[in-house]
Protein chains: 4
Amino acid sequence: MKYGLIGYKGKMGNSIKKLMDEENHQLVYKLDKNIEEEIDIPQLIIDFSNKSLIDKVIEKTQKYKSKLIIGTTALEQKDIEKLKQISQNTAIIQSYNYSIGIQLLIKAAQMINKQTLNWDKEISEIHHRFKVDKPSGTAIMIKNSLDQEINITSKRLGNVFGEHEINFSSLEEIITIKHQALTRDVFARGVLKSVNYIKDKKNGYYTFKDVMEG
Amino acid sequence: MKYGLIGYKGKMGNSIKKLMDEENHQLVYKLDKNIEEEIDIPQLIIDFSNKSLIDKVIEKTQKYKSKLIIGTTALEQKDIEKLKQISQNTAIIQSYNYSIGIQLLIKAAQMINKQTLNWDKEISEIHHRFKVDKPSGTAIMIKNSLDQEINITSKRLGNVFGEHEINFSSLEEIITIKHQALTRDVFARGVLKSVNYIKDKKNGYYTFKDVMEG
Amino acid sequence: MKYGLIGYKGKMGNSIKKLMDEENHQLVYKLDKNIEEEIDIPQLIIDFSNKSLIDKVIEKTQKYKSKLIIGTTALEQKDIEKLKQISQNTAIIQSYNYSIGIQLLIKAAQMINKQTLNWDKEISEIHHRFKVDKPSGTAIMIKNSLDQEINITSKRLGNVFGEHEINFSSLEEIITIKHQALTRDVFARGVLKSVNYIKDKKNGYYTFKDVMEG
Amino acid sequence: MKYGLIGYKGKMGNSIKKLMDEENHQLVYKLDKNIEEEIDIPQLIIDFSNKSLIDKVIEKTQKYKSKLIIGTTALEQKDIEKLKQISQNTAIIQSYNYSIGIQLLIKAAQMINKQTLNWDKEISEIHHRFKVDKPSGTAIMIKNSLDQEINITSKRLGNVFGEHEINFSSLEEIITIKHQALTRDVFARGVLKSVNYIKDKKNGYYTFKDVMEG
């Protein structure tokens, strides 16, 4: 598949390119801060950059009539709205976290949440010192999936790929669910899974949860 | 309700008696190592003692035609068989752990387990230095609920009421579910819940999972 | 010893009274919000209340010419100044945390801190849902002992007695030191130790570190 | 410096070679299972292989009159004896763990250990599923540094680089010290540090602790 990579110079960009190469996909369009290179028209755009590029990403997706897989965090509500609008004419997968484990964590948390309505809850996350958003997009995604106000705390330590934890506590017991990424490839592998999923999809707005279930 | 308490001198025995008193149940029969006291015939026997008393407990349950709630750990298969047999004539609740959180942990673990078939798995537990069985009955119960061979490791530290943890790991990510008891009352409260459940039950062999769902 | 207890109705107050009773000390003066009871003149005042009572505590210490053990958290700099001033005429022990383990944690943290000057650092704490100050006085004490700006995060969960954690991280490795209180008595036991220490002391301003070392 | 690498095909071997290249050291001798390649005489041998090669390593060190840095785990007492003997004629650094963090963990653990003589203690470790020795050499090194019998538990999960934890517990509180490697390079970087240390050393038997302190 001919694809474009937004944020291709970043760590996630490198990780995605490596795995896409292994599957013989061709990188024909690259975009990063102040750099743009167009070799051919991409059938698919993959965006793991920064929200500052979102307008450009949307413009390119429309111009190329390409599909879109987007993992950029900290998007605003209006960005999501625009993506949903575009998805009437193409297939888009949008998620703040492309790991299988995070999806399982959310599923387990939702199940436990239903049976512990008036328990105390806390969400926490740890990431590498280079991470700019705080709290992480994934932590916010977890909170939203539980549909209530929950305090989120964040630590920034060394080169940690990503840890997310949810605690549920009554006065008598605590249940904790934790996810740890052991390599940056965990997310790139989920992107690859999404590439296979989106290939045959026409129009529509999908999430990584759809990818896992389909 | 008139009830008998086996292992009434132990820590769990104390904790159960305290909560049963609050609900105005009457302790009419007591049994512990080398001590037996019968004031009246119990309608219900609660046993949180040691497996060395299991034959006596079974004998008494039959003699008094009483119901039975049993949380004794490290029972052998033949003890379980006997209990199931007796349950044709009375109501029995048997579980290695009477906490709501442990049941939720098991439910979440079973769900995750189904979607991570060839991942690595580990179970670990921490208990107070006075605990005699190792690994804990609850850790074994968790392993059995996942229906495969999983390594169990145990720590004995201070006065820890009980911690149980399951790890699921691929080469790229780890999911961990952990349960911590904050007080010994967490189990006694589950026993009280079981007392309310068994009141109206005729014959049958139940677990704490049935109590939680019913 | 005849002693007064400020905050005698609180959980710490109860815990201290229980252990002081065991050692045959006599409670002769009680103070809590809106309540005051004077039976006799105390030789020692123990204050584990709220900083709102600090002026009253100082007034009473001076009036009775009694010694003082104070564990009230969230004191302001001016309160500390006043306490130091009074300590010219009596013996005062002031600390935000009366556990042996916390003192060892701080000692270990200071040693590691010296050899990891440009590593990332984080402090976190978990306490029961009833705790009013956030972050805990102990977390602030830990930060101050390391003598640099460190981010502190806090969770409030169920009935947790108190957990404190420090992380040191380079790009390549993380060292974590954690302390967990298993019972509220851990602090009361440190208070008792302090009572024995202060008995023979004349004037001066001491901390729990002095108690441990002496 | 001209050096030889034993176990050059393994993960640690790769990691060491990468960092040695950066510092312009020349790999002139390679040994792994069934493979041997000699380009020139090494001034230094670095061995992070398997204990099955220890006799060959010792033979080569003597033949080449080279220095030796060895991190092979699970050595037997008799191997250590031989190494000490050879060190009368050359400089040898032997350690089961070449990370700065592990050395700090041990130093902190020894300090805490001295003040908690009759507390409960536990050591645990987690490593990737490919690790053959269990418990890890580092866990054994930690236990030996505390000079008493301590239970060690091990987990094998995914691609975890290495976690080691020590717990100290009274009936009232738990202190935990934990070390996590975030990359395999953490050990290779310690090896590089050792290369710089050994350069100017004549004869003698050193450990990584000497490297850190010197």
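As the structure is a prediction and not an experimental result, all values here were calculated from the model.

A few words now on the overall build of chain A. Broken down by element type, chain A carries 7 helices and 11 strands. Relative to the globule expectation of 17 Å for 214 residues, the C-alpha radius of gyration of chain A, 18 Å, shows essentially globular dimensions. Along the first, second and third principal axes, the C-alpha atoms of chain A reach 60 × 35 × 30 Å. In chain A, which comprises 214 residues, the proportion classed as buried is 60%. Considering only contacts within chain A whose residues lie at least 6 apart along the sequence, 67% involve residues at least 24 apart. The distance from the centre of the 33 positive side-chain charges to the centre of the 28 negative ones in chain A is 4 Å.

Here the focus is the interface of chain B and chain A. Between chain B and chain A, the contact holds 30 residues from the first and 29 residues from the second. Carbon and sulfur atoms make up 60% of the area that chain B and chain A hide from each other, which totals about 2500 Å². Per-residue buried area on chain B facing chain A is highest for Leu104(B), Glu172(B) and Glu173(B); these three make up 26% of the total on that side. Summed over the shared surface of chain B and chain A, the result is 2 salt bridges. The shortest N-O distance in the salt bridge between Glu172(B) and Arg189(A) comes to 2.6 Å.

Helices that pack against each other are described as a pair by the angle of their axes relative to one another and the distance between those axes. Residues and elements named next belong to chain C. Relative to each other, helix H2 (residues 54-64) and helix H3 (residues 77-86) sit at 5°, their axes nearing to 11 Å. It follows from the interaxial angle that H2 and H3 lie roughly parallel. Taken together, the residues of H3 that come into contact with H2 (itself represented by Ile54, Asp55, Ile58 and Gln62) are Asp79, Lys82, Leu83 and Ile86. Partitioned by chemical class, the residues of the contact of H2 with H3 number 4 nonpolar, 1 polar and 3 charged.

This part is about the relation of the copies chain B and chain A. Superposing chain B onto chain A takes a rotation of 180° combined with a translation of 0.0 Å along the rotation axis, leaving an RMSD of 0.0 Å. Put plainly, the chains are arranged around a two-fold axis. Within chain B, Ile177(B) has its C-alpha nearest the rotation axis, a separation of 2.3 Å. Comparing contact sets, 97% of the residues at the interface of chain B also lie at the interface in chain A, consistent with an isologous, same-surface contact.

A few words on the interface of chain D and chain C. With 30 residues of chain D at the interface, the matching set in chain C holds 30 residues. A buried area of about 2500 Å², summed over both sides, lies between chain D and chain C, and 61% of it is on carbon and sulfur atoms. If you sort the residues of chain D by the area they bury against chain C, Leu104(D), Glu172(D) and Glu173(D) come out on top, with a joint share of 26%. On the surface where chain D and chain C come into contact, there are 2 salt bridges. One can count 14 residue pairs in polar contact (both at pLDDT 80 or more) joining chain D with chain C. Sort the elements by how many residues they give to the side of chain D that touches chain C and strand S10 (residues 173-181) of chain D lands first, with 9 residues. In terms of strand pairing, strand S10 (residues 173-181) of chain C meets S10(D) through 9 bridges, oriented antiparallel. Considered in S10(D), the bridge of Ile174(C) is made with Gln180(D).

Here the focus is the relation of the copies chain D and chain C. If you rotate chain D by 180° and push it 0.0 Å along the axis, it lands on chain C with an RMSD of 0.1 Å. In this assembly, 100% of the residues forming the interface of chain D have copies in chain C that are likewise at the interface, indicating an isologous arrangement.

In this section: the sheet that holds strand S2 (residues 26-32) of chain B. Sheet strands pair by backbone hydrogen bonding; their relative direction is either parallel or antiparallel. Residue and element names in this part refer to chain B. Read across the sheet, 7 strands follow the order S3-S2-S1-S4-S5-S6-S11 without closing on themselves; strand pairing throughout is mixed. Every interior strand has two partners, whereas the edge strands, strand S3 (35-38) and strand S11 (204-206), have only one. Put simply, the sheet's adjacent strands are angled 15° from each other on average, direction ignored. Pairing geometry for strand S1 (residues 2-6) and S2, over 5 bridges, is parallel. Paired with Gly4 across the bridge in S2 is Tyr29. Sitting on the sheet, helix H6 (residues 185-198) is in contact with strand S4 (44-47), strand S5 (67-70), strand S6 (91-94) and S11, with an inclination near 155° to S5.

Residue and element names in this part refer to chain D. Between helix H4 (residues 100-114) and helix H5 (residues 137-146), the shortest axis-to-axis distance is 9 Å and the interhelical angle comes to 30°. Between H4 and H5, the crossing angle belongs to the class labelled roughly parallel. Of the two possible hands of crossing, H4 and H5 adopt the one that is right-handed. Residue-level contacts link Ile102, Leu105, Ile106, Ala109, Gln110 and Asn113 of H4 to Thr138, Met141, Ile142, Ser145 and Leu146 of H5. Here the residues of the contact of H4 with H5 are counted per class, giving 7 nonpolar, 4 polar and no charged.

Reading the values: rules and limits
- Residues numbered from 1 in each chain as written.
- Chains lettered and ligands numbered in written order.
- Predicted model: local features only at pLDDT ≥ 70, side-chain atom pairs only at ≥ 80, totals over all residues.
- Heavy atoms only, no water.
- Helix = DSSP H or I, 4+ residues; strand = E, 2+ residues; numbered from the N terminus.
- Rg over C-alpha atoms; globule rule 2.2 N^0.38 Å.
- Buried < 20%, exposed > 50% of the residue type's maximum accessible area, 1.4 Å probe, protein only.
- Contact = heavy atoms within 4.5 Å.
- Lys, Arg positive; Asp, Glu negative; His and termini not counted.
- Charge placed at Lys NZ, Arg CZ, Asp CG, Glu CD.
- Buried area = accessible area lost by both parts, 1.4 Å probe.
- Salt bridge = Lys/Arg side-chain N within 4 Å of Asp/Glu carboxyl O.
- Axes fitted to C-alpha atoms, helices over the stretch in contact; angles between N-to-C directions.
- Parallel < 35°, antiparallel > 145°, perpendicular 65-115°, else oblique.
- Nonpolar A, V, L, I, M, F, W, Y, C, P; charged D, E, K, R; others polar.
- Least-squares fit on C-alpha atoms with pLDDT ≥ 70 in both.
- Polar contact = N/O pair within 3.5 Å; in protein donor to acceptor, adjacent residues only side chain to side chain.
- Pairing = 2+ DSSP bridges.
- Left-handed = near helix turned anticlockwise from the far one by under 90°.

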